[in-house]
Amino acid sequence: MIAIKVPLVKNILEANDKISDLNKKFFDEKNVLVVNIMSSPGAGKTTLISNTINALKDEFKIGVIEGDIQSTYDAEKIAETGAQVVQINTGGACHLDGNMIRDTFDQLDFDNMDLLIVENVGNLVCPAEFQMGEDFKAMLLSIPEGDDKPLKYPLMFHESSVLLINKIDLLPYIECDVEKIKRESKKINPEIEIFEVSGKVGTGLVRWLNLLKEKIRQKNDPK
Amino acid sequence: MHELSIIESIVDIVLEEMPKHNLTKVTKVSLRIGDMRQVVPDAMQFGFEVVTKNTPLEDAELLIEHIPITGQCEKCKHEFLVKSWLDNCPRCEHPNIQIIAGKELEIAEFEGT
């Protein structure tokens, strides 16, 4: 039998992109700003999110989606802030995707929300591939991870609008060239905004909080 | 292992396309994957074998064309292969480079009977 050739040229992740577009539309209708937070495991995402909520919760209503392969530790920690929170356990998948986000829609009250923070699964590779309908991506790189990460994991730096260089309070104890991180991140992504912060101690968080406030206001009042 | 999610999407797309061309068996799938995608070829081959078991794609050959990263200088518009992220434009030394190829993640074509 003669084989038939079918030319296709089709984006493999098209199905996910379509669901993400639907999610984006939904978030836009609800005027909810959505930020996708990515980093390697242990970079300090949950602590940063927790302290971000505590700083903003008098002014804005905040929801959180926690992504982990297993466990509910992070959701429990976020729940202490009083924010609405849903835990997704991916069961093995190393990233969140559009469908997983959509599955949480009946568990969160989006009419009472200005900001949705999505904490992706800890991983510097895969989460960068999958859209979920977010307004922007922010990544954390904690200085104990080392200053070689931008060149080792360029896609995540390329896709993120914001880089938070975290655990900056540990600088006296750690060999890490912060200027090199900044320089090489800007080389991969000239538009990336970089903040040096300590999510735990609170150093440098004001600029990050101001950026969120400004974006929430823009989303609430698109005119 | 984003390779597994990528393969599952490939299988879904091909299964959806097959009836449109009256195909019952797939013998070859050709992909175009940009080097920025950080996809591991061995993991793709292994995952493809596992995921396609007991489907019309079983035993199909998986071909991957790797697309190198191409940058374009923001200033002089010169196009060149990006070997290192630290490279400036080889023509005018401008530091800002736009990526114009290397992020592909596509099924180019498939064959079947």
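See the structure shown above.
Residues numbered from 1 in each chain as written. Chains lettered and ligands numbered in written order. Predicted model: local features only at pLDDT ≥ 70, side-chain atom pairs only at ≥ 80, totals over all residues. Heavy atoms only, no water.

Peer 1: Got a minute to help me understand the overall build of chain B in this structure?
Peer 2: Scanning chain B from N- to C-terminus turns up two helices and six strands. Ordering the α and β elements of chain B from the N terminus gives α-β-α-β-β-β-β-β. Taken over the C-alpha trace, chain B has a radius of gyration of 18 Å; the compact-globule value for 113 residues is 13 Å, which it surpasses by more than 25%. The principal-axis extents of the C-alpha atoms in chain B amount to approximately 55 × 30 × 15 Å. (Helix = DSSP H or I, 4+ residues; strand = E, 2+ residues; numbered from the N terminus. Rg over C-alpha atoms; globule rule 2.2 N^0.38 Å.)

Peer 1: Any chance you could explain the packing of aromatic side chains here in plain terms?
Peer 2: Centre-to-centre distance and the angle between the planes together describe a pair of aromatic rings. Residue and element names in this part refer to chain A. A complete count under the given rule lists six aromatic pairs over all chains for this structure. On the basis of an interplanar angle of 65 degrees and a centroid distance of 5.9 Å, the ring pair of F26 and F27 is categorised as edge-to-face. Consider the rings of F27 and F105, whose centres lie 5.5 Å apart with planes at 65 degrees: the pair is edge-to-face. Of this pair, F27 sits in helix α1 (residues 14–29) while F105 sits in the loop between α4 (98–102) and β5 (115–119), and the two are 78 residues apart along the sequence. Classification of F27 as buried rests on a relative accessible area of 1%. The buried category is assigned to F105, whose relative accessible area is 14%. In this structure an aromatic cluster arises from ring pairing among F26, F27, F105 and F110. For the cation-ring pair, K215 lies above F136, with the distance from its terminal atom to the ring centre recorded as 4.8 Å. (Phe/Tyr/Trp six-rings, centres within 6.5 Å; stacked < 30°, edge-to-face > 60°. Buried < 20%, exposed > 50% of the residue type's maximum accessible area, 1.4 Å probe, protein only. Lys NZ or Arg CZ within 6 Å of the ring centre and 35° of its normal.)

Peer 1: Help me understand the sheet that holds strand β8 (residues 193–196) of chain A, please; the structure alone is not making it clear to me.
Peer 2: The strands that make up a sheet pair up through hydrogen bonds in the backbone, lying either parallel or antiparallel. Residue and element names in this part refer to chain A. Taken together, the seven strands give an open sheet; going across it, the order is β4-β3-β5-β2-β6-β7-β8, and neighbouring strands pair in parallel fashion. In the strand order of this sheet, the two ends are held by β4 (84–89) and β8, each with one partner. Averaged over all neighbouring strand pairs, the angle between strand axes comes to 20 degrees, with direction disregarded. In terms of strand pairing, strand β6 (residues 136–142) meets strand β7 (residues 162–166) through five bridges, oriented parallel. In the strand pairing of β7, A138 is matched with V162. (Pairing = 2+ DSSP bridges. Axes fitted to C-alpha atoms, helices over the stretch in contact; angles between N-to-C directions.)

Peer 1: Quick question: what am I supposed to make of the environment of A:S160 here?
Peer 2: Residues and elements named next belong to chain A. Inspection of the secondary structure assignment puts S160 in the loop between α6 (154–159) and β7. For the pair S160 and M139, spaced 21 residues apart in the sequence, the C-alpha separation amounts to 6.3 Å. Setting aside chain neighbours within four positions, we find S160 in contact with M38, K137, A138, M139, N189 and I192. At a separation of 2.8 Å, a polar atom in the side chain of S160 contacts the main-chain carbonyl oxygen of M156. (Contact = heavy atoms within 4.5 Å. Polar contact = N/O pair within 3.5 Å; in protein donor to acceptor, adjacent residues only side chain to side chain.)

Peer 1: Help me understand the environment of A:D169 in this model?
Peer 2: Residue and element names in this part refer to chain A. Checked against the element boundaries, D169 lands in the loop between β7 and α7 (178–188). On the accessibility criterion, D169 (30% relative accessible area) is partly exposed. Here the alpha-carbon distance between D169 and V121, two residues 48 residues apart in the chain, equals 24 Å. When neighbours within four sequence positions are excluded, D169 is seen to be in contact with S198 and V201.

Peer 1: Could you clarify how one ought to interpret the interface of chain A and chain B in this entry?
Peer 2: How big an interface is tends to be stated in terms of the accessible area lost upon association of its parts. With 30 residues of chain A in contact, the opposing surface of chain B contributes 33 residues. Here chain A packs against chain B, burying approximately 3000 Å² in sum over the two surfaces, 63% of which is carbon and sulfur. On the chain A side of the interface with chain B, the three residues burying the most area are A:V6, A:I12 and A:K187, jointly 25% of the side's total. Connecting chain A to chain B are five salt bridges. Between B:R37 and A:E129 there is a salt bridge, with the nearest N and O atoms lying 2.3 Å from each other. For the interface between chain A and chain B, the tally reads 13 residue pairs in polar contact (both at pLDDT 80 or more). Listing elements by their share of the side of chain A that touches chain B, those giving two or more residues are β1 (4–11), α5 (149–152), α6 and α7 of chain A. Looking at which element gives the most residues to the side of chain A that touches chain B, the answer is β1(A), with eight residues. Of the residues assigned to the side of chain A that touches chain B, the class counts are 20 nonpolar, three polar and seven charged. Alignment of β1(A) against strand β6 (residues 105–112) of chain B, held across six bridges, turns out to be antiparallel. For A:V6, the partnering residue across the bridge sits in β6(B) and is B:F110. (Buried area = accessible area lost by both parts, 1.4 Å probe. Salt bridge = Lys/Arg side-chain N within 4 Å of Asp/Glu carboxyl O. Nonpolar A, V, L, I, M, F, W, Y, C, P; charged D, E, K, R; others polar.)

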